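# Coordinates in review
Given next are the chains, with one letter for each unit.
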Amino acid sequence: MVIPIPCAVAVVGILHQTCTTKSPLMHTSPALMPQSALAAMVESEAQEEEEEDIRVRRLPQAIVIGARKCGTRALLDFLEVHPRVRAARGEVHYFDREERHNLGLSWYRGQMPLSRPGDVTLEKSPAYFVTEAAPARVWRMNTSIQLILILRDPVARVVSDYAQHVHRRVSKDLPPKPIESLVLTRNGDGRVNPNAKMVQTSLYHRHLRRWLRYFKPDQIHLVDGDRLVSQPHSELQQVEDFLGLKRHIRPEHFVFNATKGFYCLAPSVSSGRGKKRRQRCLGSEKGRRHPSVANSTLTALRHFFAGHDERLVQLTGRTFDWMRRNAQQFGEE
Ligand SMILES: Nc1ncnc2c1ncn2[C@@H]1O[C@H](COP(=O)(O)OS(=O)(=O)O)[C@@H](OP(=O)(O)O)[C@H]1O
């Protein structure tokens, strides 16, 4: 099998040969080949099959670096529909947590799933995107790594972050803090606090600029988180192309679940036990109902992020749907 992915990926001094070169002999019908060439081809194919059986843990060739609450789990779970994609189960947090980074690359490699030559190993840890030290650390591991960044409307992302905060608060007996206390300035002027953590995470251009100091723009693939929700297969096909994978993911792999309000994996691709296969949706932590937020707060957030959206367009040359939507809303106000 020929998998068209970059031929050599240097990983901390070890050169992994990750591509297979198609022999010119393979274009010739076996019936027309001289006996010796045929024997060589059979031997090389047998060797290739043997190699395919060798499953080892490899450092990732690609990382989903963020952004938090933008659909990173959906992206990774859906991408695993591709037979050559192997993803680490949980979030690894190797490049953002000091104590984990200190454990070294052999620990990191140990967190990866077993894979065959030609598979693409991936992990996702959205905290990487906002961590100052992460780009340099990733670069030191592999200068030619492929990075995937998924973005969604920065205001919706803030509200999603807040929904998680409400859900995970320690004392459920007390009412949750209002979102205003977490994203607006304390003096009550209704302005957004640019230093608030939830706001900071949505300052996409700022974080991306830091990654671009280390990586070439064509090493970073941007996924539109809103489109991943509305038409997952087309966003995933673009990721397949970026990773150099043969296209496999199709619309039939997804079914819209009206109760969940999101696409889920179709029974044909979800790994059910025994013969009963059911559609598989993401867990209840994903796609949860958002708390209602005052219009004045949403408007303040939209105004605040509009200028930052422009900077993101300048940096990436991409205009996302949410930018058009928000601009239209401003026009109507
Ligand atoms: N198919 C499907 N099913 C469920 N949820 C989906 C799906 N596609 C994208 N999303 C969006 O993913 C949002 C959660 O993003 P993350 O997985 O990046 O969150 S986290 O940072 O890992 O906590 C989650 O945000 P919320 O809706 O705010 O919960 C979803 O909008």
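Report follows, based on the coordinates.

About the thresholds
- Throughout, a residue's number is its position along its own chain's written sequence, starting from 1.
- Residue-level local features of this predicted model are given only where pLDDT is at least 70; pairs of side-chain atoms are given and counted only at 80 or more, and the full residue set underlies all totals for whole chains, interfaces and linings.
- Hydrogen atoms and water are omitted, and side-chain values are computed over all heavy atoms in the structure.
- Between N-to-C directions, angles cover 0 to 180 degrees, with each direction set by a line fitted to C-alpha atoms, over the stretch in contact for helices.
- To qualify as a helix, a DSSP run of H or I must reach at least 4 residues; to qualify as a strand, a run of E must reach at least 2; elements of each kind are numbered from the N terminus.
- Our angle categories are set so that under 35 degrees counts as roughly parallel, over 145 as roughly antiparallel, 65 to 115 as roughly perpendicular, and the remainder as oblique.
- Residue contacts follow a heavy-atom distance rule, with two residues in contact if any of their heavy atoms lie within 4.5 Å.
- Strands are labelled as partners when DSSP assigns at least two bridges between them.
- Buried Ala, Val, Leu, Ile, Met, Phe, Trp, Tyr and Cys residues that are joined via side-chain atoms within 4.5 Å together make up what is termed a nonpolar core.
- With a 1.4 Å probe rolled over the protein chains alone, any residue whose accessible area is under 20% of its type maximum counts as buried; one over 50% counts as exposed, and the rest are partly exposed.
- Any two of the Phe, Tyr and Trp rings considered here, Trp counted by its six-membered ring, make a pair once their centres fall within 6.5 Å; the pair's planes then place it as stacked at under 30 degrees, edge-to-face at over 60, or tilted in between.
- We count a salt bridge whenever a side-chain nitrogen from Lys or Arg sits within 4 Å of a carboxyl oxygen from Asp or Glu.

Take the packing of helix H2 (residues 72-79) against helix H12 (residues 232-242) next. Put simply, H2 and H12 touch, their axes get as near as 11 Å, and they point 75° apart. On the basis of their axis angle, the class for H2 and H12 is roughly perpendicular. Taking contact as the criterion, the partners of Leu75, Phe78 and Leu79 in H2 are, on H12, Pro232, Leu236 and Val239.

Time to look at the sheet that holds strand E8 (residues 146-151). With parallel pairing, the five strands of this open sheet are ordered in space as E5-E7-E4-E8-E9. Lying at the two open borders of the sheet, with one neighbouring strand each, are strand E5 (85-87) and strand E9 (220-224). If you compare each strand with its neighbour and ignore which way they point, the axes differ by 25° on average. Pairing between strand E4 (residues 62-66) and E8: four bridges, direction parallel. In the sheet register, Gly66 faces E8, and the bridge partner there is Leu149. Against the sheet, H2 touches E4, E5, strand E7 (120-124), E8 and E9, its axis set at about 160° to E7. Across the sheet, H12 lies against E8 and E9, angled at about 175° from E9, the strand it touches most.

This next bit is on the nonpolar core. In terms of nonpolar packing, the biggest core is built from 55 residues, with Ile63, Tyr108, Tyr128, Trp211 and Leu243 touching the most fellow members. Those residues in contact with Tyr128, other than ones at most four positions away along the chain, are Ile63, Ile65, Val92, His93, Tyr94, Phe95, Asp96, Tyr108, Glu123, Ala134 and Trp211.

Under the criterion given, the structure shown has 12 aromatic pairs. Taken together, a centroid distance of 6.1 Å and an interplanar angle of 25° make the contact between Tyr94 and Trp107 stacked. With a gap of 13 residues between them, Tyr94 in the loop between E5 and helix H3 (98-101) and Trp107 in helix H4 (residues 105-110) connect regions that are remote in the sequence. For Tyr94, a relative accessible area of 3% gives the class buried. Exposure remark for Trp107: the relative accessible area of 22% places this residue in the partly exposed category. Taking the centre distance of 5.0 Å and the plane angle of 85° together, the rings of Phe304 and Phe305 count as edge-to-face. Summarising the burial analysis for this pair, Phe304 and Phe305 share the class buried. Ring-pair connections join several aromatic residues into one group, and the members of that group are Tyr94, Phe95, Trp107, Tyr108 and Tyr128.

Let us now look at the pattern of salt bridges. Taken as a whole and judged by the stated rule, the model has 19 salt bridges. As a salt-bridge pair, Glu98 and Arg137 come within 2.8 Å of each other at their nearest N and O atoms. Of the two residues, Glu98 sits in helix H3 while Arg137 sits in helix H6 (residues 134-141), which places them 39 residues apart along the sequence. Among the ionic pairs, Arg157 bridges to Asp161, the shortest N-O distance being 2.9 Å. With Arg157 and Asp161 both in helix H7 (residues 154-168) and four residues apart, the pair spans about one turn of that helix.

These values are about where atoms sit, not about what they do.
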